[in-house]
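# Per-entry structural report
Okay, here's what each chain looks like letter by letter:
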Amino acid sequence: MVASHLSAASIHASSTSAAAALSTSSATASGASTPASPPQPPQPPVLVRRVQNLCVVTLNRPSALNALSTEMVQLMTPQLKAWDESDLCKVILLMAASGSRAFCAGGDVKDIVLKAKTRREEELAAALKFFEQEYQLNHLIGTLKKPFISLMDGITMGGGVGLSVHAPFRIVTENTVFAMPESVIGLFPDVGGSFFLPRLDGELGTYLGLTGHKLKSTEVLFAGIGTHYIPAHRIPMLITRLSEVETDDPEAINAILEEYVGDIGPEEWQTWSLGGKVADAINRCFKFDRLEEIVEALKKEAKGVTAKLIEKRDPIWNPSWENMSYLTPTLVKDAFFKRGPFLKFSNGGDPRYPAENLSFQTNSTYFEYPHHTMSGLPTDREIEALMAGRLKAKAAGNVSTPDQIVDA
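Here the structure is a predicted model, which is why all the values come from computation and not from measurement.

What follows is about the overall build of the protein. Helix and strand content of the protein: 16 helices and 10 strands. Per-residue burial for the protein yields a buried fraction of 39% across its 408 residues. Across the protein, every contact between residues at least 6 apart in sequence was considered, and the portion connecting residues at least 24 apart equals 66%. Carbon and sulfur atoms form 57% of the exposed surface of the protein, whose accessible area is close to 23,100 Å².

The structure is reproduced here in structure tokens:
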């Protein structure tokens, strides 16, 4: 019966298709124009779906390099909160739409600047509201109870870093390009940059934050930003495997990810662009707390080390390096910002306006933050503290005792 039904349906479909083709041919031959198909409705910038026990958030603005907008933040936040409480969800995956060059190339700066340039109170409020809601989303991602995986397959910069670096699982591929380029446009490394950058080895975080240096592919893993390197062609198989998972235990999720990691030879680690002597130079030059001292150290560094802070294009306003630490917020404001309308804050009132003080979606703190639990190897600071007896062994990543460090 089923076979007969399918056969009949196939015959009917074939007949219908043939009839349609003949009709089209006749219309064309007679000179009649074919009616245009109706325009397709635009797709939302964020797609959500559940594949068995895997919940997937897809950034869907490929033509804009998945630049993060207020609408995208507002779509993601409630969905993540709902999934975090659902027994039907075991693991959450954040990824870009198929064919995207970028995971997320940053916040939608163009839209924010256009709003701010109007100097209208409601537009200024909307621009600030974006940052408020973006930072709340960053904190939410970092404090979810369910395992959260960010798939950084493509350009991952600025706002895209905020969507990924706070996840306990951060997958990089051969297509990953990472940077925190805020300093280039006069901003500071936001989206939690001042939290994760100082926790990288040595002075690497200071260097990345001040220069906006790009890391590619396995370099993102070597820097301690990614947790797993998985070749892009294995991602579909990984998604299928994750959809079958029956637990939300982070250790189990980590074991699944480990099944798909790519091979990285020791020579690749030994020769990566910011390792070895370059890392030593970065640690020497960027260890200071004052920018003037960093610049002076860069000037004295051996030839061949690029002093990126010195070689940038001339800015509109160029105070001397020697006086950088003496700049006040008032001087910066007078140099860059024209006086505009007074912007009121909502403080729990009008939702169109940002709150004067940032509040978060959860009450979780640093101590519940999952960044440390699945980060792989301990940092150099942790190893030094463990060897000196200043750190409990269980806090130092996968290293249990000083003897294990020596054996390694």
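Let's shift gears to the sheet that holds strand 6 (residues 155-157). The sheet built from 4 strands is open, its strands ordered 4-6-8-9 with mixed pairing. In this open sheet, the two strands that pair with only one neighbour each are strand 4 (102-104) and strand 9 (215-216). Where strand 4 meets strand 6, 2 bridges bridge the pair, whose relative direction is parallel. By the bridge assignment, C104 is partnered in strand 6 with T156.

This next bit is on the pattern of salt bridges. Scanning the model with the defined rule gives 11 salt bridges in all. A salt bridge links D108 to R61; the nearest nitrogen and oxygen atoms lie 3.3 Å apart. One end of the pair, D108, is in the loop between strand 4 and helix 3 (109-117); the other, R61, is in the loop between strand 2 (54-59) and helix 2 (70-85), and 47 residues separate them in sequence. Classification of R61 by relative accessible area gives partly exposed; the value is 22%. When the shortest N-O distance is used, the salt bridge between R120 and E122 registers 3.4 Å. Exposure remark for R120: the relative accessible area of 42% places this residue in the partly exposed category.

Within the protein, residue pLDDT values average 78, and 71% of them lie at 70 or more. Taken as a whole, residues 1-31 scores under 50 in pLDDT and shows 2 contacts with residues more than four places along the chain or in a different chain.

Here the focus is helix 12 (residues 276-285). One turn of the α-helix equals 3.6 residues, which is why residues spaced by three or four share an orientation. Three or more residues of helix 12 are buried, namely A281, I282 and C285. Taken down its axis, helix 12 places every buried residue within 100 degrees of arc, on the same side. On its buried side, helix 12 packs onto helix 7 (204-211) and helix 13 (291-300).

Pairing is mixed in the open sheet, where 6 strands are placed in the order 1-2-3-5-7-10. Edge positions in the open sheet fall to strand 1 (46-51) and strand 10 (228-229), since each of these has one partner strand only. Relative to the sheet, helix 2 contacts strand 1, strand 2, strand 3 (91-96) and strand 5 (148-152), its axis offset from that of strand 2 by approximately 175 degrees.

What counts and what doesn't
Residues numbered from 1 in each chain as written. Predicted model: local features only at pLDDT ≥ 70, side-chain atom pairs only at ≥ 80, totals over all residues. Heavy atoms only, no water. Helix = DSSP H or I, 4+ residues; strand = E, 2+ residues; numbered from the N terminus. Buried < 20%, exposed > 50% of the residue type's maximum accessible area, 1.4 Å probe, protein only. Contact = heavy atoms within 4.5 Å. Areas by Shrake-Rupley, 256 points an atom, 1.4 Å probe, with all protein chains shown as cover. Pairing = 2+ DSSP bridges. Salt bridge = Lys/Arg side-chain N within 4 Å of Asp/Glu carboxyl O. pLDDT = per-residue confidence, 0-100. Arc of directions from axis to C-beta. Axes fitted to C-alpha atoms, helices over the stretch in contact; angles between N-to-C directions.

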